[in-house]
Amino acid sequence: MKRVLTYVISIMALLLAWELASLAVNGINHAIILPGPFNALSQVVKNAAELQRNFAASAWRLILAILISLIVATPLGLLIGREPTLDRYFSPIIYITYPIPQVALILFLFVVFGTGSATKVTMVALALFFQILVSARGAAKNIDEEHITSVLSAGASRWQVYWHVVLPATLPEILTSVRVSIGLGIAFLYIAETRAALGTGLGSYINKHMLFNRERAFAGIIAMAILGLLLYIAVDVIERLACRWKYVKRRPLK
Amino acid sequence: MIDVDAVTIDYGQGEQTVRAVEDVSFRLDKGKSLALIGPSGCGKTSLLFALSGLLQPRSGKITLDGEEVTNPRRDVALILQNAGLLPWKTVWQNANLSLLLNGDFPQQNAAEVLAHLGLDNVMKRFPAELSEGMKRRVGIARALSTSPSVLLMDEPLASLDTLTREKIQDLFLNLWHEHGFSMILVTHNIEEAAFLGQRIIVFTDRPARISAIVENPQMGSLDYREDPVFQGVMSQLREALEA
């Protein structure tokens, strides 16, 4: 309950700051350049159906991209982090490819996959892949060796070491990288959706309305923020369930 | 019987080779206890890991009941410095880890050991919810869950307060009498070596070589700490370490 209250207070403060910024910007320019939060929110209600359609399109693309990058990057990152031979060969590749702005590849992806969802999902998955790969690799390198020794001395196979130690030990850091990926993923998804001339998704919705109906465009931005918030909450819930051991404290015997 | 024959352990290769253990030989009869004592970082843990099958000596041979130790064995249990508990597994899962890894369903044995160690009411808890003393007991429960014939311990009581350490030492002694396993304890604590080792091998600084062997046949009772012989053994150990 306290958590919900703090969320509400934070959001109210944000809306207030937005309203003040809107009053200031519009006052200086003597025109409605930055719509206030209440006008934008009323557009959310008025355009609920259109927003819902675009929200759903963006949401499934983002979730799919996160899942694809998670499924591919996590095992690869853990293996590179734990197997020195793989690390020697793969690390230079990561160092060369990680800094490339994936957005530079967007036109190439449009040529390969067309302007549909495949390009947008690939674009976001590509960006998040490196984020999760680098985190998983780093986390796997920093595992307490006593945990590894402990299961090896109990007769664990290499696969069992990964399952019983490497994966659970690195899961909190992997989930943190997923959290970072949500913000990054929304930004990349916006770029990908606005680059396609036509199509669904909050990016193209915002782009369509930004010049002539800014209140609607800001309604789209609110929807993107809600998408991010919902995904953050989902990752928090997953972490609470999957990493329960992180949230316990020493307590006396009954 | 455990037979350690001219064992040398190296780390690294070529010019970067570091010698951890050099030409160490000893024997330990079934059901006996041995303490390995030496300066911190001298290489005694490497020797213990070789005994558990986790690493292979550069030269020499370790055999258990005539069979060469090349891999971790089910009848050899290892207790690590911080009990080696996995923070993401509950007490029950930690205590049963050896049995779960080897494909066996947790047996009555583990439940009995947990109850015997007073852990039956914390089985669903995670290690972070336990005191340091209880964590060590969970480590002991895990080691005993497979009914080992050899118990290897690497500084199992380091970083515990004096009273808790003595309590767990008493527990080790009682379990050794009850279960009849052979016990090899690595420690840098003179008092612990004198309380738990029937024979105590003193090592030099790295690379670990045997510098003295102190026999301690009168150990084995809980009130041995009050015995003047115990004090005498401690003095001998202190002299051997200083030499």
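Student: How should the packing of helix α8 (residues 158–195) of chain A against helix α10 (residues 214–242) of chain A be read in this particular structure?
Tutor: The axes of two packed helices give the description: the angle between them and the distance between them. Residues and elements named next belong to chain A. One way to put it is that α8 packs onto α10 with a least axis distance of 10 Å and a crossing angle of 175 degrees. The pairing of α8 with α10 is recorded here as roughly antiparallel in orientation. Contact with α8, carried on its side by Leu171, Pro172, Leu175, Val178, Arg179, Ile182, Gly183 and Ile186, involves Met224, Leu227, Gly228, Leu231, Tyr232, Val235, Ile238, Glu239 and Ala242 of α10 and no other residues of that element.

Student: What's the story with the packing of α8(A) against helix α9 (residues 202–209) of chain A in this structure? I'm lost.
Tutor: Residue and element names in this part refer to chain A. Here α8 crosses α9 at 60 degrees, and the two axes come no closer than 7 Å. Put simply, α8 runs oblique to α9. Classified by chirality, the crossing of α9 by α8 is right-handed. Contact residues: α8 offers Leu189, Tyr190, Ala192, Glu193 and Thr194, while α9 offers Leu202, Gly203, Ser204 and Asn207. Its residues placed into classes, the contact of α8 with α9 shows 4 nonpolar, 4 polar and 1 charged.

Student: I keep staring at the confidence of the model for chain B and nothing clicks. Help me out?
Tutor: Reading fine detail from the predicted coordinates is not recommended where pLDDT is low. When the pLDDT values of chain B are averaged, the result is 88; 98% of them are 70 or greater. Scored by ipTM, the complex comes to 0.87, with pTM at 0.85.

Student: Before we go on, may I ask you to explain the domain arrangement of chain A in this structure?
Tutor: Buried accessible area, meaning the area lost when the parts come together, often serves as the stated size of an interface. Domain annotation of chain A identifies domain 1 (1–34) and domain 2 (38–247). If you average the C-alpha positions of domain 1 of chain A and of domain 2 of chain A, the two centres end up 28 Å apart.

Student: Even after reading the chapter, I still don't get the sheet that holds strand β1 (residues 2–11) of chain B, so can you show me in this structure?
Tutor: Note on sheets: strands pair through backbone hydrogen bonds, and any given pair is parallel or antiparallel. Residue and element names in this part refer to chain B. The antiparallel open sheet is built from 4 strands, whose spatial order is β2-β1-β4-β5. The sheet is open, and its two borders are formed by β2 (18–28) and β5 (67–68), each paired with just one other strand. Two strands pair when backbone bridges link them, and β1 and β2 are joined in this way by 7 bridges, in the antiparallel orientation. Its bridge partner lying in β2, Asp10 is registered against Arg19. In the packing of helix α1 (residues 44–52) onto the sheet, the strands contacted are β1, β2 and β4 (59–64), and the crossing angle to β1 comes to about 120 degrees.

What counts and what doesn't
Sequence order as written defines residue numbering, which begins from 1 separately in each chain. Each chain is given a letter, starting from A, and each ligand a number, starting from 1, according to the order in which they appear as written. Since the coordinates come from a predicted model, pLDDT governs what is reported: local features require at least 70, and pairs of side-chain atoms require 80 or more to be given and counted, while whole-chain, interface and lining totals use all residues. To get an axis, a line is fitted to the C-alpha atoms, and for a helix only the part in contact is used. The angle between two axes follows their N-to-C directions and goes from 0 to 180 degrees. Per the convention used, a helix needs a DSSP run of H or I reaching at least four residues, while a strand needs a run of E reaching at least two, with both numbered from the N terminus. In what follows, roughly perpendicular refers to angles from 65 to 115 degrees, roughly parallel to angles under 35, roughly antiparallel to angles over 145, and oblique to any angle outside these ranges. Residues are treated as contacting if the C-beta atoms built from their backbones sit within 7 Å of each other. Two helices that cross are described as forming a left-handed crossing if the nearer one is turned anticlockwise from the farther one by less than a right angle, and a right-handed crossing if clockwise. The residue classification treats Ala, Val, Leu, Ile, Met, Phe, Trp, Tyr, Cys and Pro as nonpolar and Asp, Glu, Lys and Arg as charged. All others, Gly included, are polar. Confidence of the predictor at the level of single residues is given by pLDDT, which spans 0 to 100. Here the limits of each domain have been adopted from an automatic or database domain assignment. Any two strands are treated as partners once DSSP identifies two or more bridges connecting them.

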